[in-house]
Amino acid sequence: MPGSSGGVTVRVPAKINLQLAVGGPRPDGFHELATVFHAVSLYDDVTARPGDGVRVTVEGPQAASVPTDERNLAVRAALLLARRTGIDAGVHLHIRKEIPVAGGMAGGSADAAAALLACDALWHAGLGRDELAELGAELGSDVPFGLLGGTAVGTGRGERLTPALARGTHHWVIALAGSELSTPAVYAETDRLRAGRVLPEPRVSDRLMQALRSGDPDALGAVLSNDLQPAAQSLAPELERTLAVGLDNGALGGLVSGSGPTIAFLVRDHEQAMDLSITLVAVGAVAEVRRAHGPVPGARIVEPVAG
Ligand code: C5P
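The structure reproduced in this document is the subject of the present report.

The four strands are arranged β9-β10-β7-β11 in an open sheet whose pairing can be described as antiparallel. Each of the sheet's edge strands pairs with one partner strand only, and the pair in question is β9 (253-256) and β11 (288-294). Sheet twist, expressed as the mean angle between neighbouring strand axes with direction ignored, is 25 degrees. With seven bridges joining them, strand β7 (residues 170-176) and β11 adopt antiparallel strand pairing. When the bridges of β11 are listed, His171 appears paired with His293.

Okay, the pairing of β9 next. Within a regular strand, the side chains alternate between the two sheet faces. Along β9, one buried face is formed by Gly253 and Leu255 and the opposite face, lined by Gly254 and Val256, is buried too. The turn joining β9 and strand β10 (residues 263-267), which pair antiparallel and follow one another in sequence, is formed by six residues; a positive phi near 55 degrees is taken by Gly258.

Once that is clear, we can look at the nonpolar core. Of all hydrophobic cores here, the largest spans 67 residues; its most connected members are Leu18, Leu93 and Trp172. A per-element tally of this core places helix α2 (residues 107-122) first, with 11 residues. Contact partners of Leu93, with chain neighbours within four places excluded, come to Val46, Thr47, Ala48, Arg55, Val56, Thr57, Ala74, Val75, Ala78, Ala115 and Cys119. Formed by 26 residues, the second largest nonpolar core is a distinct cluster that contains Val22, Leu33, Ala175 and Leu181.

Attention now goes to the site of the ligand. Around the ligand sit Gly29, Phe30, His31, Leu33, Gly140, Ser141, Arg157, Thr183, Pro184 and Tyr187, and those are all the residues in its vicinity. Here an oxygen atom of the ligand and a side-chain polar atom of His31 are 2.6 Å apart. Contact distances for the ligand include 2.5 Å between an oxygen atom and a side-chain N or O atom of Ser141. Out of a free accessible area of 450 Å², the ligand has 75% covered by protein chains. Within the residue set of the shell around the ligand, elements represented by two or more residues are β2 (31-49) and α5 (183-193). Top element by residues in the shell around the ligand is α5. It accounts for three residues. For the shell around the ligand, the residue count by class is four nonpolar, five polar and one charged.

What counts and how
Residues numbered from 1 in each chain as written. Predicted model: local features only at pLDDT ≥ 70, side-chain atom pairs only at ≥ 80, totals over all residues. Heavy atoms only, no water. Pairing = 2+ DSSP bridges. Helix = DSSP H or I, 4+ residues; strand = E, 2+ residues; numbered from the N terminus. Axes fitted to C-alpha atoms, helices over the stretch in contact; angles between N-to-C directions. Buried < 20%, exposed > 50% of the residue type's maximum accessible area, 1.4 Å probe, protein only. Core = buried A, V, L, I, M, F, W, Y, C linked by side-chain atoms within 4.5 Å. Contact = heavy atoms within 4.5 Å. Near = heavy atom within 4 Å. Polar contact = N/O pair within 3.5 Å; in protein donor to acceptor, adjacent residues only side chain to side chain. Areas by Shrake-Rupley, 256 points an atom, 1.4 Å probe, with all protein chains shown as cover. Nonpolar A, V, L, I, M, F, W, Y, C, P; charged D, E, K, R; others polar.

Here it is in structure tokens:
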């Protein structure tokens, strides 16, 4: 509910894909997926306050790379919610950005999920989570998962979700690349690399689901996989070295996150996360690292904004 100043802040997590199985291109241009989403503790905070029209401001180290016009998914989310509910109200959205921009961690989608939830509360629209997720799916394939969080299987183009049975908490070292990759470009490169091949129906790995149920990080590390990884590495060849450094220095597994270029390494515990972070930076394999744990909940209202 809006705070005394009339503002609402929603915190939303980044995601990694523990598995991303990608089928061939569909007639609508999207690809059929079978994926396992996992929400990790890197967050954007989106604050919605009453305002004229829909506008957005962004704060954070990569703020300059985030569009503030209608290309911004949070802006599109607010406009879509207003249109569908017939609400004639404005909003000023302010994004505090910690999730890497164009990094394969669904940062833009996370902001859209947060904006839907924040505007719903600000405007007293009263939509349920399911209705917000349906709107979210129109904005981007990863938006519904931003609302749900946790660990979940995604099918269709990633928007159809089923929560996964998963035990325990996993620790991750997130290696940020100094560059960005465009998601459509990585899918297109995947099609190019696989041209002429007969592709199986994408399906989630039984071994991965078993590893999640057991909570065993060694088992999980051994089955991480991403069909977009060859294309991401083809477009950003430096990723191969980063992966090798992480895997040679004790990571239980590692993979390109989504369409990249961020890499996620699974480690045993917080201490190993510290050690690997230091090594990755010391050998110059990455510009920056973050540590995170998962699963964490999806978008949620953290505070009515005071003052
Ligand atoms: O749904 P979203 O806007 O995140 O997708 C961005 C782009 O990624 C799409 O335009 C498409 O090129 C590609 N994509 C895809 N198949 C999916 C999801 C995304 O081809 N299942």
